[in-house]
Amino acid sequence: GRAGRRAGGMISAVYLINLKGEVLIFRSYRDDVSRTAADAFRMQVLAAKEFRSPVQVYEKASFFHIRAANVYIVAVTRENVNAAMVFQFLYALVQVFKSYFGGGFEEEAVRDNFPLVYELLDEVIDFGYPQNCSADLLKTFIMQQGQLMDPASFRVATSIAPQVTGAVSWRREGIKYRKNEVFLDVVEHVNLLMSSKGTILRSDVTGEIVMKTYLCGMPECKFGLNDKLMMEGEGRNKKSSGSGAIEMEDVSFHQCVKLGKFDSDRSVTFIPPDGEFILMKYRVSENINLPFRVHPIVKELGRTRLEINIKVKAQFSSVTGLNMIMRIPVPPNTSKCTTTTAAGKAKYEPETSELVWRIRKFPGDTEYALSGEVEMSARIEDKRAWSRPPISMEFQVPMLAASGLHVRFLKIQEKSNYQTIKWVRYISKNGQYLNRI
């Protein structure tokens, strides 16, 4: 046990320093870092306009720091710690402060809440080891603005110990709702780079499954996707399943998911936190259903004219795309732009040197076209050839999963055996969706 703990490393102290180099908060967990080393780091804050490295070493002590608004959050250690763990802790600490300070975190908020900040720093680290950075759990026993405890909240506080030390720290016992509901949102961002000749140079989908739970007690949830390995584990093949299996990469889960179960039989089993959380993130890079196909023709007619013909086709059916925005670059020396389109509105925006085409509703299996003529001023300084940046797109397509991901089942078990109302929604949005011209 001790060797495992040492491998993670210990944090000797946490500082909050403002941009003038003043120490707002200093909380020491171990007495192995001298004040002179801390002062040396503080002088660096005053001297440097910006830090090149997020880790500085003074007197054999390592200072890890991040900046949030006008405050540096610094962790210092003499151990050979896992740097990624320290930075993850610092970012989690900022999120805890933001949760307590109403969404913002800056010097003024720290000055107004000294006792609260010290109380939080006492809870999140124990003798140098990060313990608990869950704002929801911390709020059950560290009250904001010194709220008075009523008997009910006192009973909650007395049941905190097993949550802080036990296996299910993200959910307290005794949660009650009149109606048990689960909302599952599959949110996907489609990334594309298409060549001017219409060949796909790069495409992938980054997705996340967002859950919102309103469930009583301590339910255990299990859900299945049309993930290739999961379905092979169940003895299914592509033909027997309703939709083709997909290959997921770079999968990461919320801490509530039992990773041992996922590794052994690819089932996603978990006791969910109360409220909204991101259950998992993933990436799919094969067999992507691109929502829109763009056919651009941009011809330069001499040095002063440009002809634009764009066709865009919805490659989905039975659903409707929303808020499609296409940004078509034009040369910076454009003086006049005339366009005709049967759908939406097109407008030349000189600040960004773009022709912006907006369509609020884009039905499936529909093709729209835009044609335009651009006149340019022939200035002496415009001798350089136009770089022809790519066309970019923004869109949302509800009830479409561009990766082909499909939630096959969602089971919820709880000892009181209640009925649960389940909602599953899909939405595909643009990531970097680029077409070269």
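Refer to the structure above for everything that follows.
Residues numbered from 1 in each chain as written. Predicted model: local features only at pLDDT ≥ 70, side-chain atom pairs only at ≥ 80, totals over all residues. Heavy atoms only, no water.

Trainee: I'm lost on the overall build of the protein chain in this one. Help?
Mentor: For the protein chain, the helix and strand inventory stands at 10 helices and 23 strands. Evaluated residue by residue, the protein chain yields a buried proportion of 44% over its 437 residues. Per element, the accessible surface of the protein chain, about 23400 Å² overall, is 49% carbon and sulfur. (Helix = DSSP H or I, 4+ residues; strand = E, 2+ residues; numbered from the N terminus. Buried < 20%, exposed > 50% of the residue type's maximum accessible area, 1.4 Å probe, protein only. Areas by Shrake-Rupley, 256 points an atom, 1.4 Å probe, with all protein chains shown as cover.)

Trainee: Which parts of the structure should I look at to understand the sheet that holds strand 10 (residues 220-225)?
Mentor: Across a sheet, strands are paired by hydrogen bonds formed along the backbone, either parallel or antiparallel in direction. Reading across from one edge, 12-10-22 is the order of the three strands in this open sheet, with antiparallel pairing throughout. Two strands lie at the open edges of the sheet, namely strand 12 (268-270) and strand 22 (407-413), each paired on one side alone. When the angles between neighbouring strand axes are averaged without regard to direction, this sheet yields 15 degrees. (Pairing = 2+ DSSP bridges. Axes fitted to C-alpha atoms, helices over the stretch in contact; angles between N-to-C directions.)

Trainee: In this structure, what is going on with the pairing of strand 15 (residues 305-314)? I would like to understand it.
Mentor: Consecutive side chains along a regular strand alternate between the two faces of the sheet. The alternating pattern of strand 15 places Leu306, Ile308, Ile310, Val312 and Ala314 on a buried face and Arg305, Glu307, Asn309, Lys311 and Lys313 on a face that is not buried. The sheet contact formed by strand 14 (residues 292-301) and strand 15 spans 10 bridges and is antiparallel. Across the sheet, His295 pairs through a bridge with Lys311, a residue of strand 15. The loop that links strand 14 with its antiparallel partner strand 15 comprises three residues; one of these, Gly302, has a positive phi angle of about 75 degrees. Pairing between strand 15 and strand 20 (residues 367-376): nine bridges, direction antiparallel. Bridge pairing in strand 20 places Leu306 opposite Val374.

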